[in-house]
Each structure stands twice: as C-alpha cells, then as structure tokens.
Amino acid sequence: MSKREHYLFVCQNVRPDGNPRPSCGRGGSPEIYAALKAELLRRGLSKIVARACTSSCLDMCDDGPIIGVQPENAFYGHMTVDRVPAVVQALLDGNVVQEFLVQSATLGESNKDR
Ligand code: FES
C-alpha cells in the first residue's frame, strides 16, 4: 500500500454512560466513517489519494463529530453523513470546506473543565 496524499481521521470516541461530556461515537461518527470510506472508494481516491482512518478523541468534543484532515491540519466539526461528499470534493479541489471548520477561536475553549 502506498502513502496517501491525505489522511482523514474520524473520531470514534465513546464516553461511558452517564458521562456529561459529548462524544463523537454517540453522535453518529461510525456512520460518518463508513460514508467517508464509501465516498472515497466511489470516487476512486481510496487507494492512492486519501485514506479514511478512525481515531480516538481529538479533544474538540463539543464540536463533534469531528474529522481531522492531514496534512491540511483542518478540523471539521458537527459532521454528518450528508456533509461527507463536500469533504471529499474539497480534497479533489485542493481546498477545505470553510463552513465546516472548527473555528480556531473555539479550540481549547470547548473542552474546559473536562
Ligand atoms: S469525542 Fe470526538 S473529539 Fe472528543
């Protein structure tokens, strides 16, 4: 297998029952990961261009479900299955989906008091 141009990390963290903190795995991230894998395959990108990976907590829980895109260092928040095609199209276009980005002003703020 070759090194890909892009790696997309879909947080799959699930916090235990009763934990007040949100977690991406309880917000639909397994379905988002599956949709991302399928979309990359459908568009012929999965073997060379981009790989979808699962990850543990990316520490942006209040904005989840989260997809982190490298090497762009872009973090998409409030992901849904419906948003996946736009994420993949941005890879093809060589840009990021600005409206999905977790704003840097909120990074480090959303997870206080963990
Ligand atoms: S649980 Fe997904 S970013 Fe923390």
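Let me sum up the structure you'll find in this document. Every chain is numbered on its own, with residues counted from 1 as its sequence reads. Selection of residues for local features in this predicted model requires a pLDDT of at least 70, selection of side-chain atom pairs for listing and counting requires 80 or more, and totals for whole chains, interfaces and linings are taken over all residues. Heavy atoms throughout the structure, all of them, feed into the side-chain values; hydrogens and water do not.

### What to know about the overall build of the protein chain
Next up, step 1: A count of helical and extended segments in the protein chain gives 2 helices and 4 strands.
Next up, step 2: For the protein chain, the succession of helices and strands along the chain, N to C, is β-α-β-β-β-α.
Next up, step 3: Classification of residues uses two cut-offs on accessible area relative to the type maximum, computed with a 1.4 Å probe and protein chains only: under 20% is buried, over 50% is exposed, and between them is partly exposed. Counting across all 114 residues of the protein chain, residues that qualify as buried make up 40%.
Next up, step 4: Note on contacts: a residue pair is in contact if any heavy atoms of the two residues lie within 4.5 Å. The long-range fraction of contacts in the protein chain, counting pairs at least 24 apart against all pairs at least 6 apart in sequence, stands at 63%.
Next up, step 5: We get accessible surface area from the Shrake-Rupley algorithm with a probe of 1.4 Å; when it comes to residues, only the shown protein chains can shield them. Entry remark: accessible area of the protein chain is about 6300 Å², with carbon and sulfur atoms responsible for 52%. Where helices and strands are cited, they refer to DSSP runs of H or I of at least four residues and of E of at least two residues respectively, numbered from the N terminus.

### Regarding the environment of Ala 34
Next up, step 1: With respect to the helices, strands and loops of the structure, Ala 34 is situated in helix α1 (residues 29-42).
Next up, step 2: Judged by relative accessible area, which is 43%, Ala 34 ranks as partly exposed.
Next up, step 3: C-alpha separation for the pair Ala 34 and Ala 52, spaced 18 residues apart in sequence, amounts to 8.9 Å.

### Describing the packing of aromatic side chains
Next up, step 1: Under the pairing criterion, centres of Phe, Tyr and Trp rings, with the six-membered ring standing for Trp, must be within 6.5 Å; the plane angle then separates stacked pairs below 30 degrees from edge-to-face pairs above 60, leaving the rest tilted. For the structure shown, the criterion picks out 1 aromatic pair.
Next up, step 2: Relative to Phe 100, the ring of Tyr 76 lies with its centre 6.0 Å away and its plane at 85 degrees, an arrangement referred to as edge-to-face. Separated by 24 residues along the polypeptide, Tyr 76 in strand β4 (residues 74-76) and Phe 100 in the segment after α2 (84-93) bring together distant segments of the chain. In terms of burial, Tyr 76 and Phe 100 fall into one category: buried.

### Some thoughts on the environment of Arg 43
Next up, step 1: Structurally, Arg 43 is set in the loop between α1 and β2 (50-55).
Next up, step 2: Assessed through its relative accessible area of 30%, Arg 43 is described here as partly exposed.
Next up, step 3: Considered as a pair, Arg 43 and Pro 85 are 42 residues apart in the sequence and their alpha carbons are 9.9 Å apart.
Next up, step 4: In this view, Arg 43 contacts Pro 85, Val 88, Gln 89 and Leu 92; residues no more than four positions away in its chain are not counted.

### Points about the pairing of β2
Next up, step 1: By definition, two strands form a pair when at least two bridges between them are found by DSSP. Pairing between strand β1 (residues 6-11) and β2: 6 bridges, direction parallel. Its bridge partner lying in β2, His 6 is registered against Ala 50.
Next up, step 2: Each parallel crossover has a hand, and for β1 linked through α1 to β2 it is right-handed. Handedness rule for crossovers: strands pointing away from the viewer, path from the first strand over the helix to the second running clockwise, crossover right-handed.

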